[in-house]
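Chain by chain, the residues:
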Amino acid sequence: MASDSPVFIGVDLGATKIVAAALAMDPGKEGVGEVLSQVKGKTPRTAKAKDIVAAIAEAAKSALASAGKPCAGLGIAIPGPLDRAKGLVRYTPNLGLENYPLAQELSAALGMPVVLENDVQAGVLGELVGGALRGCRNAVGVFIGTGIGGGIVINGELYRGSTGSAGEVGHMILMEGGPVCGCGNYGCLEALASRTAMAKDALALAASGKAPAMLDAAGTDFRKYRSSAFEEALEGGDEAVGGVVDRAGFWLGVGLANIVNLLNPEAVVVGGGVTARFGKRLLKAARASMEDRLMTGLAATVRIVQSELGDLAVPTGAAIAARRDLEARRPAGAKEKSAR
Ligand SMILES: [Zn+2]
């Protein structure tokens, strides 16, 4: 069915890895289309913009080569604020890109149009068009990893706010004076329920002998306290680590109650590496805590669901953003033609 559909590349540019996917998108209908190929590469640690551009171009070319088809455009998801209209990356906390014309540079390297999108917004867009939020008019996405990001859908569209930074659910302050957050404040949702927050607690338990399976899985090196290590510790019977997950779930539920009370969404999708590995336990605790705090009757109106697209949510959303932006830029006649 997708043999003649235009192909778009979606790229997720992370602090440690680059994921590029080629998607055939049927012009006649909305949807994520067919994933033709998926390529993973490492993000260079050099923090030189030229090296990052080269690594992205290499991943994109490799995804296209596997797909074996010409490409209509590329969307790239950036972990930081950006100027979409100018194709400019404002700044990235871990990559060293600052006021960098990434769209222009990548476009020159690849010979195709390039569109920028924020990574969390891309993830929400992916889930909205082809994942767990399909068909929703009003919804929220919460993505849990080293930090917590979010995105808001209102009337079927991403809500970006007045300067494009809407959806920072991770920095809702839930415990004034609580643990310090990456943003510099204290007691944010991110400081209470991100994988980083869980890792701090689990490391303390492992070091004091209360989490032997965690100690086996990750030792006492904080950097090894990844989602997979948590999964191993839970499977290995570390009930103390289970308690850490339940506590993060409790705070996630407090955050969800605030979100649902404020926005009355039909659904909230929870994604990120944490949910792929031990989302069931985390979400069970979160639902209970949320329901205790919601306005009367609201609990029955909202679904809390796990991400359906997983690792592909962000590249998929980036490809959709590219397709939409490029179609909107085309003159009306050409748009009409390509839609038939
Ligand atoms: Zn914060």
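About the criteria used
Note that residues are indexed from 1 along each chain, following the sequence as it is written. Only residues with pLDDT of at least 70 get local features here, since the model is predicted, and only at 80 or more are side-chain atom pairs given and counted; chain-wide, interface and lining totals rely on the full set of residues. Excluded from the side-chain calculation are hydrogens and water; included are all heavy atoms of the structure. In this description a helix means any DSSP run of H or I spanning at least four residues, a strand means any run of E spanning at least two, and both kinds are numbered starting from the N terminus. With C-alpha atoms as the basis for the radius of gyration, the globule rule is written as 2.2 Å multiplied by the number of residues raised to the power 0.38. With a 1.4 Å probe rolled over the protein chains alone, any residue whose accessible area is under 20% of its type maximum counts as buried; one over 50% counts as exposed, and the rest are partly exposed. Contacts are assigned to residue pairs that have any heavy atoms within 4.5 Å of one another. In this description, accessible areas are obtained by the Shrake-Rupley approach with a 1.4 Å probe, and a residue is regarded as covered only by the protein chains that are shown. The charge count includes Lys and Arg as positive and Asp and Glu as negative, but it does not include His or the ends of the chains. In plain terms, the charge of a residue is placed at NZ if it is Lys, CZ if Arg, CG if Asp and CD if Glu. The start and end points of each domain follow an automatic or database-based domain assignment. Only nitrogen, oxygen and sulfur atoms qualify as donors, provided they sit within 2.8 Å of the metal or within 3.2 Å for Na, K and Ca; with water excluded from the atoms, sites may seem incomplete. Only two sets of limits are used to name each site, 85 to 135 degrees for every angle of a tetrahedral four-donor site, and over 155 degrees for opposite donors with all other angles from 65 to 115 for a square planar four-donor or octahedral six-donor site, with any other site named irregular. Where helices are involved, their axes are fitted lines through C-alpha atoms of the stretch in contact, as for all axes, and angles between N-to-C directions lie from 0 to 180°. The labels follow the angle: roughly parallel below 35 degrees, roughly antiparallel above 145, roughly perpendicular from 65 to 115, and oblique for the rest. Two helices cross in a left-handed way if the nearer one is turned anticlockwise from the farther one by less than a right angle. They cross in a right-handed way if the turn is clockwise. Residue polarity is assigned by list, with Asp, Glu, Lys and Arg as charged and Ala, Val, Leu, Ile, Met, Phe, Trp, Tyr, Cys and Pro as nonpolar; anything else, Gly included, falls into the polar class. Note on pairing: two strands pair once DSSP finds at least 2 bridges between them.

Novice: Looking at this structure, how should I read the overall build of the chain?
Specialist: Tallying secondary structure elements over the chain gives 11 helices and 13 strands in all. Since a compact globule built from 340 residues should have a radius of gyration of about 20 Å, the 20 Å found for the chain is in line with a globular shape. Here the C-alpha coordinates of the chain stretch approximately 65 × 50 × 35 Å along the principal axes. Within the chain, buried positions represent 51% of all 340 residues. Taking the intrachain contacts of the chain between residues at least 6 apart in sequence as the baseline, contacts between residues at least 24 apart amount to 63%. Here the chain has roughly 15,500 Å² of accessible surface; of this, 51% comes from carbon and sulfur atoms. Once the 36 positive and 34 negative side-chain charges of the chain are each reduced to a mean point, those two points are 3 Å apart.

Novice: Hey, could you run me through the domain arrangement of the chain in this one?
Specialist: Interfaces are often described in size by the accessible area the parts lose on coming together. Along its sequence, the chain is carved into domain 1 (7–118 + 312–339) and domain 2 (132–307). Put simply, the middle of domain 1 and the middle of domain 2, counted by C-alpha atoms, are 27 Å apart.

Novice: Sorry, what's going on with the environment of V245 here?
Specialist: Following the sequence through the fold, V245 ends up in helix α8 (residues 239–263). On a C-alpha basis, the gap between V245 and R277 in space is 12 Å, while along the polypeptide they are 32 residues apart. Those residues in contact with V245 that lie beyond four places of it in its chain are M198, F230, L234, F278, R281 and L282.

Novice: Would you mind showing me how to read the coordination of the zinc ion here?
Specialist: Coordination angles at a metal have ideal targets, namely 109.5 degrees for four tetrahedral donors and 90 or 180 degrees for six octahedral donors. Looking at the zinc ion, the protein donor atoms are H171 (ND1), C181 (SG), C183 (SG) and C188 (SG), and they sit 2.0 to 2.4 Å from it. Of note is the zinc ion, whose four donor atoms meet at the metal with angles of 105 to 124° in an arrangement that counts as tetrahedral. Each donor residue of the zinc ion belongs to the same chain, with the gaps between them written as H-x9-C-x1-C-x4-C.

Novice: What exactly am I supposed to notice about the packing of helix α5 (residues 195–207) against α8 here?
Specialist: Angle between the axes and distance between the axes: these two values describe a pair of packed helices. At a minimum axis separation of 10 Å, α5 and α8 run at an interaxial angle of 160°. Taken together, the axes of α5 and α8 lie roughly antiparallel to each other. Relative to α8, α5 is oriented so that their crossing is right-handed. Contacts from M198, D201, A202 and L205 of α5 reach α8 at A240, V244, V245, R247 and A248.

Novice: Is there a simple way to think about the packing of helix α7 (residues 227–235) against helix α9 (residues 273–293) in this case?
Specialist: In contact at an axis separation of 8 Å, α7 and α9 are set at 25° when each is read in the N-to-C sense. Comparing their axes, α9 and α7 come out roughly parallel. With respect to the hand of their crossing, α7 and α9 are arranged in left-handed fashion. Mapping the contact onto sequence places S227, S228, F230, E231 and L234 in α7 and G273, V274, R277, F278 and R281 in α9. Class assignment for the residues of the contact of α7 with α9 results in four nonpolar, three polar and three charged.

Novice: Would you explain the sheet that holds strand β10 (residues 148–154) in this entry?
Specialist: Strand order in the open sheet formed by five strands is β11-β10-β9-β12-β13, and the pairing between neighbours is mixed. A single partner strand is all that each edge strand has here, and the edge strands are β11 (157–159) and β13 (303–306). Recorded for the sheet is a direction-independent mean angle of 25° between the axes of neighbouring strands. Strand direction decides the pairing type here: β10 and β11, joined by three bridges, are antiparallel. What sits directly across from I154, in β11, is E157. Here helix α3 (residues 119–130) sits on the sheet and contacts β9 (139–144), β10, β11 and β12 (267–271); the angle it forms with β10, its principal contact strand, is near 50°.

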